[in-house]
Structure formats: C-alpha cells, structure tokens
Amino acid sequence: MTTTVEAPGLDILRSDLWTAVTSRDEYRAADIVLRALDAGTPAESVLLDVIAPVQARVGHAWQADRLTVAQEHAATAIAERVIAALAHHPAHRPAPYGGRITVACVDQEWHALPARLLAEVLTLRGWRVDFLGAQVPTPHLVTHLHNTGADAVALSSSLATRLPTAHTAITACQAVGVPVLAGGAAFGPDGRYARLLGADAWAPDARAAARRLADGIPPPDLAVGRPIEEGLAHLTDQEYTLVVRARARLVRVVLADLERNYPAMAAYSAPQRERTAEDIAHIVEFLGVALYTDSDDLFTDFIRWTAAVLTARKVPAASLRPALDALGTELKDFPRATRMLDRACLHLDEAVPTTDQSPGASA
C-alpha cells in the first residue's frame, strides 16, 4: 500500500485558508495559495491537500449549521476564484504532452468544484483538458466530443438525484465511441452506481482519476453495442417512472395529510410551510432515484443525512416520520417503494426519539 506523505506546513495552510474563506477575504485567500506556490509547495498539493479539504470542511460546517447557505456559497465562490488565480501561476503551466480529456458535470449538476479540481490536476499532469463546467446538457456534451476528438470524458456528479441523467450522459458518450470515467459523491463511495450505470471506469478522487486515465481506458466497441445493464432490470416494473411523474401530486398529498393530522402546522409561517414542502419534494426525489438504482441504502442514507441536518437546526428529526408514513400510504401498491420507506422508517426510529412527531421545516 502506498502512503502519501504531506509536505510540511499543509495543516497551517489549511487553517489559514479556512480563516480567509469563512471571513470572505478573497485577496487573503489568493495570497495564501500563491505564496505557497512561490515557496515551492507543488500546485497539485495546494489543490488537493489544501483547497479541497477546506472546501469539504465548508460543506460539513453548513450541514452542522455553523455556516449559512449564503456563507457556504461565498466561501465556494472564493475557492473557485483562488483556483483560477492558481491556474495562471507559472508553477501551473506545464507543456501539454498527453491526450485530450473533456471534464464536465452532468446536466442539472451545479457542484462544479470537484470537476474543476480534476481538470486542474490533469492539466498539471500534461493532459490537454477541456473543462466544460456545471450543468452540461448531454446533446451539447456529445457535440463537443465530436468536435474535439477527446480520448475520454470525465463525468462528475455530487448529487445522487442526478444519477438517471448521468446514465443518459454515459450512454450517449459511449455511443460516439468515447469512454467514460465517472467520479463524484453521487456514484457512491465505492463506485457502485458508476458500475450499475455502465461507466467504463470510476475513481474516488482526482489523483486516482489521473492514474486511471494515464493507464488508458479502452474505447467502447461500437460494433458490439451495449446491452441494457442487467442491474437495471427492475425498471420494467415502472415504479420509478410512475413516482417521478407523480412527484408534484405526491408532494401536495403528503403536505395536505400533514395539515389534516398534525395541528402544529397551523402555527407555521408561510416560509416554514414552503420549506416543509421543499423537504417533502426532496424526499420524493430521492425515493425516485433509489427506485431507479433499486438501492435501499441510497434512500436510507438520505433520510439519515436529512435527520442530521434537521437536528443541527434544532428541528426534531422525528418530524420526518409523519411525512414518510403519509408517503407510504399513498404508495402502498408499490412494493419496492414500500420496502424502501419501511426500511428508512426503521432506521429513523432507531436513530431518533419518537416523542415529538410534529412535522418540521428545515429552517
């Protein structure tokens, strides 16, 4: 096993950069990074051992309610501008000598920073990189691949709800002969959803992705074609399609059920009611993608995560249970959806007290 040894002072750089981005001091953040490069810290290490972990810390701080959404967005914007500044530093200008890689986020995926980090790492390692950014519509991505002759495309997605869209993108890229490397939190910590959706390769992080691309990913054999993935045979039961099509109605029905059966909602303000409806919509959306992948874990993990977010915001996590019960009643004729909801309820009951069953908004 290879052990990564950090350069001296990286912990100090991370601490200084955290202070800068959370105090919204863009110039200080840029100075920290550029001075580190001037002092000889490798550009790749600055990207992956300083900027990336600080950004992860920003996300965890938002989840724990220590940063607001606005503060998280401001910190992310500063990180993106710091990366842009780093990209123009002389230490980040190797002569390209490798092939051409397209790096893009799947359509509707707006978390672009992980993909940007990969694009910069690949550039440092000599690849010619086309970074297309967030939310790239699949037809435009395929047109780009046609026009540039990319050796491979690295597709990034952080949100699991984008997996059906990612599947479409993977299939479309392979249909024009370009192999797909999938990466990002959406594909699971072990890449299980990348394999399920037929990606040619998966990597857990930017360094692993760079190594995988350097090893070479064979192009798809267009003469053979690609059969429907065996792991998606469950889609023939139409549960995914029916739930997704009924999403707006399901949100209305569950919200109406909560209003009838849980009097505490009568005291909700308009913003609280709106956030409760948004929470219900997220639950239905994640249930849909869990049905697409037939993954109980995906839905249960989302409910656990939501419970943690609610708890951090002093909203009883048990307030999720009435919404799950109402959704279960509405989907009682859907065996896989019922299984997933029952399992999520079981884990929720084990994780949180059930004394307060009043619905809550995520604030």
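About the thresholds
- Residues numbered from 1 in each chain as written.
- Predicted model: local features only at pLDDT ≥ 70, side-chain atom pairs only at ≥ 80, totals over all residues.
- Heavy atoms only, no water.
- Phe/Tyr/Trp six-rings, centres within 6.5 Å; stacked < 30°, edge-to-face > 60°.
- Lys NZ or Arg CZ within 6 Å of the ring centre and 35° of its normal.
- Buried < 20%, exposed > 50% of the residue type's maximum accessible area, 1.4 Å probe, protein only.
- Helix = DSSP H or I, 4+ residues; strand = E, 2+ residues; numbered from the N terminus.
- Contact = heavy atoms within 4.5 Å.
- Polar contact = N/O pair within 3.5 Å; in protein donor to acceptor, adjacent residues only side chain to side chain.
- pLDDT = per-residue confidence, 0-100.
- 1 Å grid on protein atoms, 1.4 Å probe; cavity = no way out; pocket = protein on both sides within 12 Å on 5 of 7 lines; lining within 4 Å.
- Points joined across faces, edges and corners; volume = space filled by probe spheres on them.
- Nonpolar A, V, L, I, M, F, W, Y, C, P; charged D, E, K, R; others polar.
- Pairing = 2+ DSSP bridges.
- Axes fitted to C-alpha atoms, helices over the stretch in contact; angles between N-to-C directions.
- Right-handed = clockwise from strand over helix to strand, strands pointing away.
- Parallel < 35°, antiparallel > 145°, perpendicular 65-115°, else oblique.

The subject of this paragraph is the packing of aromatic side chains. One pass over the structure, following the stated rule, counts 4 aromatic pairs. Three or more aromatic residues link up through ring pairs in this structure, and these residues are Trp62, Phe286, Phe302 and Trp305. When the ring centre of Trp18 is taken as reference, the NZ or CZ atom of Arg57 above it lies at 3.9 Å. Here Arg313 stacks its cationic end above the ring of Trp62, 4.8 Å away from the centre of that ring.

Turning our eyes to something else, we now look at helix α9 (residues 206-215). Inspection of α9 places Ala206, Ala208, Ala209, Ala210 and Leu213 among the buried residues, and these make up the whole buried set. Turning to α9, the residues buried within the fold contact α3 (43-63), β1 (100-106), α5 (113-124), β3 (152-156), β4 (180-183) and β5 (201-203). Here α9 starts with a cap whose side-chain oxygen sits 3.2 Å from the backbone nitrogen of Arg207, and that cap is Asp205. Where α9 terminates, the next one or two residues include Gly216, which has phi positive at roughly 95 degrees.

Okay, the confidence of the model for the protein chain next. Per-residue confidence for the protein chain gives a mean pLDDT of 90; residues scoring 70 or more make up 92%. Under a pLDDT of 50 for its full length, residues 354-363 has, in the predicted model, 34 contacts with residues more than four places off or in other chains.

Further remarks concern the environment of Thr241. Relative to the elements of secondary structure, Thr241 occurs in helix α10 (residues 239-245). By relative accessible area, Thr241 is classed as partly exposed at 21%. With 51 residues separating them along the chain, Thr241 and Tyr292 place their C-alpha atoms 8.5 Å apart.

At Arg24, a residue that is not glycine, the phi angle is positive and equals roughly 60 degrees. Relative to the assigned elements, Arg24 resides in the loop between α1 (10-22) and α2 (26-38). When its relative accessible area of 51% is taken as the criterion, Arg24 is described as exposed.

Scanning the model with the defined rule gives 3 cavities of 30 Å³ or more in all. Taken together, Leu17, Val21, Ile51, Val54, Gln55, Val58, Ala79 and Val82 make up the full set of residues lining the second largest cavity. If you list the elements that add at least two residues to the lining of the second largest cavity, you get α1, α3 and α4 (69-87). For the lining of the second largest cavity, the leading source of residues is α3, giving 4 residues. Here the lining of the second largest cavity is built from residues that sort into 7 nonpolar, 1 polar and no charged.

What follows covers the sheet that holds β5. Read from one edge to the other, the open sheet built from 5 strands follows the order β2-β1-β3-β4-β5, with strand pairing classed as parallel. Either end of the sheet is taken by a strand with one partner, and the two such strands are β2 (128-136) and β5. With strand direction ignored, the average angle separating the axes of adjacent strands in the sheet is 20 degrees. Relative to β4, β3 runs parallel, the two sharing 4 bridges. Across the sheet, the residue bridging to Leu155 is Ala182, located in β4.

Our focus in this paragraph is the environment of Tyr27. Position of Tyr27 relative to the elements: it lies in helix α2. Note on Tyr27: relative accessible area 69%, which makes it exposed. Each C-alpha atom of the pair Tyr27 and Ile78 lies 9.1 Å from the other, and the pair is 51 residues apart in sequence.

Looking now at the pairing of β3. Of all 5 residues making up β3, 5 are buried, and the element is well covered by its neighbours. Residues Ala152, Ala154 and Ser156 of β3 are buried on one face, and the alternating residues Val153 and Leu155, pointing to the opposite face, are buried as well. Bridge analysis of β1 against β3 gives 5 bridges, and the strand direction is parallel. Of the residues in β3, the one forming a bridge with Cys105 is Ser156. At this point the chain moves from β3, through helix α7 (residues 163-175), to the parallel β4, and the crossover so formed is right-handed.

In this section: the packing of α3 against α5. Axis separation between α3 and α5 bottoms out at 10 Å; the angle between their running directions is 170 degrees. By the criterion of interaxial angle, the relationship of α3 to α5 is roughly antiparallel. Of the residues in α5, those touching α3 at Ala43, Glu44, Leu47, Leu48, Ala52 and Gln55 are Leu113, Leu117, Glu120, Val121 and Leu124. Across the contact of α3 with α5, the residue classes break down as 8 nonpolar, 1 polar and 2 charged.

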